[in-house]
Amino acid sequence: MRAALKPEYEGYYGQLILGTDDLAEMGELKDVRRAAREAGQRLSWKTTTHVVGGRLFVLDEREVPERIERLAGDSAAAAMDRAWEEGRRPRLT
């Protein structure tokens, strides 16, 4: 969970997504959820877990400071701009 955090977000916007294969290897769902919540607490997260379509989502639900929210928004917008530009380039085949 710690490895997935971006240093520039100072620990905010944490998440972990475990697929059905991962969950099958880890044991009972209730135990995996409890372990994920405990790990999140060690990272100072306000941890929530949700099961959707056989996947377990572990999310940090803390209030994000405005400056970090702005930084993340700018980063997402830049990534979308890059994807848009790459999609418009002619492909050489």
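Refer to the structure printed above.
Residues numbered from 1 in each chain as written. Predicted model: local features only at pLDDT ≥ 70, side-chain atom pairs only at ≥ 80, totals over all residues. Heavy atoms only, no water.

Draft legend 1. Focus on the nonpolar core. Leu5, Leu18, Leu23, Val32, Ala36, Leu43, Trp45, Leu56 and Val58 form the largest nonpolar core, which has nine residues in total. Of all the secondary-structure elements, those providing two or more residues to this core are helix 2 (29-42) and strand 3 (55-60). If sequence neighbours within four positions are ignored, Leu23 has contacts with Leu18, Leu29, Val32, Gly54, Arg55 and Leu56. Counting five residues, the second largest nonpolar core, distinct from the first, contains Tyr9, Tyr12, Val64 and Ala72. (Core = buried A, V, L, I, M, F, W, Y, C linked by side-chain atoms within 4.5 Å. Buried < 20%, exposed > 50% of the residue type's maximum accessible area, 1.4 Å probe, protein only. Helix = DSSP H or I, 4+ residues; strand = E, 2+ residues; numbered from the N terminus. Contact = heavy atoms within 4.5 Å.)

Draft legend 2. Summary view of the pattern of salt bridges. If you walk through the whole model with that rule in mind, you get six salt bridges. A salt bridge links Lys30 to Asp31; the nearest nitrogen and oxygen atoms lie 3.3 Å apart. Judged by its relative accessible area of 53%, Lys30 falls in the exposed class. Each member of the salt-bridge network shares a partner with another, and the members are Lys30, Asp31 and Arg34. (Salt bridge = Lys/Arg side-chain N within 4 Å of Asp/Glu carboxyl O.)

Draft legend 3. Representation of the packing of aromatic side chains. A complete count under the given rule lists one aromatic pair for this structure. Here Tyr9 and Tyr13 contribute two aromatic rings whose centre-to-centre distance is 5.7 Å and whose plane-to-plane angle is 70°, an arrangement assigned as edge-to-face. Under the relative-accessibility criterion, Tyr9 is labelled buried at 7%. (Phe/Tyr/Trp six-rings, centres within 6.5 Å; stacked < 30°, edge-to-face > 60°.)

Draft legend 4. Looking closely at the sheet that holds strand 1 (residues 15-18). The strand order across the open sheet built from three strands is 1-3-2, with neighbouring strands paired in antiparallel fashion. Taken across any chain shown, the strands that pair with only one partner, and hence form the sheet edges, are strand 1 and strand 2 (47-52). If you compare each strand with its neighbour and ignore which way they point, the axes differ by 15° on average. Along the sheet, helix 2 contacts strand 1, strand 2 and strand 3; its crossing angle with strand 2, the most-contacted strand, is approximately 150°. (Pairing = 2+ DSSP bridges. Axes fitted to C-alpha atoms, helices over the stretch in contact; angles between N-to-C directions.)

Draft legend 5. Spotlight on the pairing of strand 2. Summarising the sheet, strand 2 and strand 3 pair through six bridges and their orientation is antiparallel. Across the sheet, residue Thr48 finds its bridge partner in strand 3, namely Leu59. Adjacent in sequence and paired antiparallel, strand 2 and strand 3 are bridged by two residues, among which Gly53 carries a positive phi angle near 55°.

Draft legend 6. Local environment of the environment of Arg67. Structurally, Arg67 is set in helix 3 (residues 66-88). When the C-alpha atoms of Arg67 and Pro90 are compared, they prove to be 37 Å apart, with 23 residues separating the residues in sequence. Among the polar contacts made by the side chain of Arg67, one reaches the side chain of Glu10 at a distance of 2.9 Å. (Polar contact = N/O pair within 3.5 Å; in protein donor to acceptor, adjacent residues only side chain to side chain.)

Draft legend 7. Quick peek at helix 2. Look at helix 2: 20 Å from first C-alpha to last across 14 residues, which is about the 20 Å you get at 1.5 Å a residue. Among all positions in helix 2, only Val32, Ala36 and Gly40 are buried. The buried residues of helix 2 all sit within an arc of 75° when viewed along its axis, so they share a single face. In this structure, helix 2 carries Lys30, Gln41 and Arg42 as exposed residues pointing more than 90 degrees from its buried face. In the core, the buried residues of helix 2 are packed alongside strand 1, helix 1 (20-26), strand 2 and strand 3. Directly after helix 2, the chain includes Ser44, whose backbone phi takes a positive value near 70°. (Expected span 1.5 Å × (residues − 1). Arc of directions from axis to C-beta.)

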